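Spelled out, the chains give:
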Amino acid sequence: MIHIILFGPPGCGKGTQAKIIATKFGFSHLSTGMIFRNHMKRKTDLGKTASFYINKGILVPDMITTNMLNIEIQKHFYEKGIIYDGYPRTRNQIFSLEKALKKFCLGTINIIFYFYIQKNLIIDRLLKRGKKSHRNDDTNIITVQRRIEEYNKETSSIWNSDPKWKNNIIKLNASLSVNSISLLIEEKIKNFLNKN
Ligand code: AMP
């Protein structure tokens, strides 16, 4: 089973690419943000807790996020692969994911697509997206800025925790067109599958 991580700041296009690639290769798409929003819509206890953090633009604590992800992963045991969109976002989440994959004998993290983009471009994109999706955390400029700060502070350098990740990271310029980015991702995944 192949495990592919789409990593980058909010608004970099991870979600869009995750959908395209998951459909193309028949992989599962696992978005922690989407799972949280789903719980919020259904007003579950988890949704109520998560909304406190999400509406502020800060990360949901690791314990809550990881417990949720570990439950979700078990629904995908028999898939060809999983695309992780928005997870991991902290070093602890990397360790937890590695632990879960090992525990269930599901393989290891294979490819990390690392999206990079200028800050002013993502602010524009997020505000535009907020108008369409009515996502609270995309419509308020203060929350949008807070999410970007949170990314820079808590998330952006998590892969430096271990030099082994260097070999798995593929950097992508997120300001290219959706189509050219998905072609690049596709090619890299095909190369990987051919070699393994
Ligand atoms: P996203 O849809 O990926 O932009 O996520 C929306 C919000 O959900 C984030 O701003 C966080 O508050 C929360 N969230 C999503 N994924 C995670 C994660 N891996 N760890 C902590 N919080 C998360």
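Look up a bit, the structure's there.
Attention in this report is confined to the structure presented alongside it.

Moving on: the site of the ligand. With respect to spatial proximity, 16 residues lie near the ligand, and among them T32, R37, I58, G86 and R89 are the closest. The contact in question runs from an oxygen atom of the ligand to an N or O atom on the side chain of R37, over 2.9 Å. One of the backbone N or O atoms of I58 is found 2.7 Å from an oxygen atom in the ligand. When isolated, the ligand has an accessible area of 480 Å², and the protein chains bury 96% of it. Judged by the proximity of its atoms to the pocket grid, the ligand belongs to the largest pocket. Of the residues forming the shell around the ligand, the biggest block, 4 residues, is contributed by helix α2 (residues 32–41).

Before going further, it helps to examine the nonpolar core. Grouped together as the largest cluster of nonpolar side chains are 26 residues, with contacts concentrated most on I5, F7, I73, Y84, L97, I109 and W159. Counting only elements with at least two residues in this core, the list comes to β1 (2–7), α2, α3 (45–54), α4 (62–73), β3 (81–85), α5 (91–103) and β4 (109–116). I4, L6, I111 and I185 belong to the second-largest nonpolar core, a separate cluster that totals 24 residues.

With that out of the way, let us pick up unusual backbone geometry. Residue P88 follows Y87 across a cis peptide bond; omega there is -5 degrees. The phi torsion at H134 lies on the positive side, around 60 degrees, for a residue other than glycine.

Along the chain, H76 turns up in the loop between α4 and β3. When residues no more than four places from it in sequence are discounted, the contact partners of H76 are M1, S28, L30 and I82.

Here is what the cut-offs are and how they apply
Residues numbered from 1 in each chain as written. Predicted model: local features only at pLDDT ≥ 70, side-chain atom pairs only at ≥ 80, totals over all residues. Heavy atoms only, no water. Near = heavy atom within 4 Å. Polar contact = N/O pair within 3.5 Å; in protein donor to acceptor, adjacent residues only side chain to side chain. Areas by Shrake-Rupley, 256 points an atom, 1.4 Å probe, with all protein chains shown as cover. 1 Å grid on protein atoms, 1.4 Å probe; cavity = no way out; pocket = protein on both sides within 12 Å on 5 of 7 lines; lining within 4 Å. Sits in = over half its atoms within 2 Å of the grid points. Helix = DSSP H or I, 4+ residues; strand = E, 2+ residues; numbered from the N terminus. Core = buried A, V, L, I, M, F, W, Y, C linked by side-chain atoms within 4.5 Å. Buried < 20%, exposed > 50% of the residue type's maximum accessible area, 1.4 Å probe, protein only. Contact = heavy atoms within 4.5 Å.

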